[in-house]
Amino acid sequence: MNDLYDRLTTSKLFKIAIFLVCGFLIVVVFSLALGTTQLLQAQNRSSIPITNAAIYHFKIGKWNAMSVSDGNLSFPPTFFLPNADPKEIEASLREDFLAPKELSIYVNVLYLNTGRNKVLIDMGAGKTGQGTVGQLVANLEASGVKAKDIDTVIITHAHPDHVGGITTTTGKLNFPNARYYLAKKEWDFWTAPTVKMPNSLLDEEYKRQTIDAVKPQLKAMANRVTLFQPGNEVVPGIEAVDVSGHTPGQSAYLITSGKEQLTVTGDVFYSDPLNLEHPDWEVRFDVDPALGVATRQRVLKKFSRDRQLLLVPHMPFPGIGHVRARSDHYEWEPIQWEFKPS
């Protein structure tokens with residue numbers, strides 16, 4: 001009887017031991033497999049370039065639209081605002097959790113499909129600028145829009161970060177099938193034999209560099225350009241609005257589809273919080289700084305009063321939002337991003 005009991009006990013212990021060994025082996029194998037998977041995932045992650053959003057889809061009425069990034073520029077804020085107190089500039093930036101010594105300038109371009117026209121408003125800096133600019137064509141194509149399909153290019157003003165994308169590095173048109181639209185006053189200013197900026201706060205070398213960057217771009221589109229006056233409807237649904245000061249013929253564009261509107265502002269203001277908290281501060285890049293201040297104050301008052309939806313070329317991507325009036329300054333209220341099918 002004892003022998004039978006011993007045999008049964010031994011058999012049970014043997015089975016338990018086998019069970020424990022198998023369990024241990026399963027745990028070991030699973031751990032090895034999990035570790036290998038995590039290692040492979042880490043290796044895969046390390047090989048994938050890290051990029052943030054460069055395209056934002058939205059609608060204006062029935063029209064499909066995109067804000068498309070051309071990249072970023074940066075420069076010292078005291079260079080941007082040469083007559084302002086550096087301590088006030090730094091305090092304003094720190095208050096908004098921004099770097100006090102480097103101002104980041106986004107370059108946002110509007111793409112619009114009206115059903116009749118495939119439109120770009122501005123073309124970014126292309127290869128004429130520093131920083132990370134020059135991404136417009138690649139980002140458009142990543143969204144499914146080919147450069148050859150663009151038939152209308154409308155320009156707010158002819159600074160290098162808005163017209164530098166007209167040509168490739170070899171001088172060919174990036175958008176070979178497009179018609180280009182620019183205010184006549186703006187065209188006449190930049191294509192004059194001698195471009196004069198007596199009121200500008202730029203030094204002479206920077207003026208020369210700007211002119212040298214702009215002239216070849218305008219020359220490349222010369223046989224495809226249509227000039228217009230403020231108040232003209234450039235193409236159906238897109239009206240030019242005079243916002244001169246930053247440049248002599250700068251235009252904003254009021255876009256209307258059904259009951260919805262969007263204004264592309266040009267460079268009336270382009271730094272939050274600096275231009276909004278202190279719209280009276282003169283900007284170095286304005287061809288006429290005093291007129292730039294007057295225009296900025298006028299349009300900020302109008303935009304805030306009318307609750308106008310805006311696309312601002314140099315605000316943080318996607319650059320779409322509203323201006324809100326406060327007692328002694330203005331604030332930028334970006335749109336809430338929407339993640340839903342168009």
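Please read all numbers here as calculations on a predicted model, not as lab measurements.

Visitor: Break down the environment of glutamate 233 for me, citing the residues and quoting the values.
Guide: Along the chain, glutamate 233 turns up in strand β8 (residues 233-235). Distance in space between the C-alpha atoms of glutamate 233 and isoleucine 255 is 9.8 Å, their sequence separation being 22 residues. Apart from residues lying up to four places away in sequence, glutamate 233 is in contact with Ile238 and Glu239. A distance of 3.0 Å separates the side chain of glutamate 233 from the backbone nitrogen of glycine 237, its partner in a polar contact.

Visitor: So what's going on with the pattern of salt bridges? Residues and values would help.
Guide: Counting across every chain of the model gives 13 salt bridges. We note a salt bridge from arginine 296 to aspartate 286, for which the minimum N-O separation is 3.9 Å. Of the two residues, arginine 296 sits in helix α9 (residues 289-306) while aspartate 286 sits in the loop between α8 (274-277) and α9, which places them 10 residues apart along the sequence. For the pair shown, arginine 296 and aspartate 286 are each scored as buried. Taking the shortest distance from any N to any O, the salt bridge between aspartate 306 and arginine 305 comes out at 3.2 Å. Judged by relative accessible area, which is 39%, aspartate 306 ranks as partly exposed. Ionic contacts of the salt-bridge type, sharing partners, join the residues Arg324, Arg326, Glu331 and Glu333 into one network.

Visitor: Just give me the short version of the packing of helix α6 (residues 184-191) against helix α7 (residues 204-220), but keep the residues and values in it.
Guide: In the contact formed by α6 and α7, the axes pass within 10 Å of each other and the chain directions differ by 120°. Note that α6 runs across α7; the crossing there is left-handed. On α7, the residues touching Trp187, Trp190 and Thr191 of α6 are Thr210, Ile211, Val214, Lys215 and Leu218. Its residues assigned to classes, the contact of α6 with α7 shows five nonpolar, two polar and one charged.

Visitor: An account of the nonpolar core is needed here, citing residue identities and associated values.
Guide: With 32 residues, the main nonpolar core has Leu120, Met123, Leu140, Phe175, Trp190 and Met221 as its most contacted residues. Once residues lying within four places of it in the same chain are set aside, the contact partners of phenylalanine 175 are Leu120, Met123, Leu136, Val137, Leu140, Ala147, Ile150, Gly165, Ile166 and Tyr180. Residues Ile60, Trp63, Val235 and Val264 belong to the second largest nonpolar core, which totals 24 residues.

Visitor: So what about the sheet that holds strand β6 (residues 179-183)? Which residues, and what values?
Guide: Reading across the sheet, the seven strands line up as β1-β2-β3-β4-β5-β6-β7 and stay open at both edges, with mixed pairing between neighbours. The strands lining the two open edges of the sheet, one partner per strand, are β1 (55-60) and β7 (225-228). Sheet twist, expressed as the average angle between the axes of neighbouring strands with direction ignored, equals 25°. Pairing of strand β4 (residues 118-121) with strand β5 (residues 152-154), which is carried by three bridges, proceeds in the parallel orientation. Within β5, the position partnered with leucine 120 by the bridge is valine 153.

Visitor: Please set out the side chain of aspartate 286 residue by residue, giving values where relevant.
Guide: Since its relative accessible area comes to 1%, aspartate 286 is described here as buried. Other than its neighbours up to four places away in sequence, aspartate 286 contacts Ser200, Gly245, His246, Gly292 and Arg296.

Reading the values: rules and limits
Per-chain numbering applies: the sequence of each chain, read as written, is numbered from 1 onward. In keeping with the predicted nature of the model, local features appear solely for residues at pLDDT of at least 70, side-chain atom pairs appear and are counted solely at 80 or more, and the whole-chain, interface and lining totals rest on all residues. Side-chain measures here rest on the full set of heavy atoms in the structure, leaving out hydrogens and waters. A helix here means a DSSP run of H or I that spans at least four residues, while a strand means a run of E at least two residues long, and both kinds are numbered starting from the N terminus. Contacts are residue-level and defined by heavy atoms, with any inter-residue pair within 4.5 Å sufficient. Polar contact is the term for a pair of N or O atoms within 3.5 Å; when the atoms are in protein, one must be able to donate a hydrogen and the other to accept it, and sequence-neighboring residues count only if both atoms are side-chain atoms. By convention in these notes, a salt bridge is any Lys or Arg side-chain nitrogen within 4 Å of a carboxyl oxygen on Asp or Glu. Each residue is placed in one exposure class: buried if its accessible area under a 1.4 Å probe, protein chains only, is under 20% of its type's maximum, exposed if it is over 50%, and partly exposed if it falls in between. With axes taken as lines fitted to C-alpha atoms, and helix axes fitted only over the stretch in contact, angles between N-to-C directions fall between 0 and 180 degrees. Two helices cross in a left-handed way if the nearer one is turned anticlockwise from the farther one by less than a right angle. They cross in a right-handed way if the turn is clockwise. Charged means Asp, Glu, Lys or Arg here, nonpolar means Ala, Val, Leu, Ile, Met, Phe, Trp, Tyr, Cys or Pro, and polar covers whatever is left, Gly included. To form a nonpolar core, buried Ala, Val, Leu, Ile, Met, Phe, Trp, Tyr and Cys residues must be joined to one another through side-chain atoms within 4.5 Å. Whether two strands pair comes down to DSSP finding at least two bridges between them.

Limitation: the analysis is restricted to geometry and does not speak to function.
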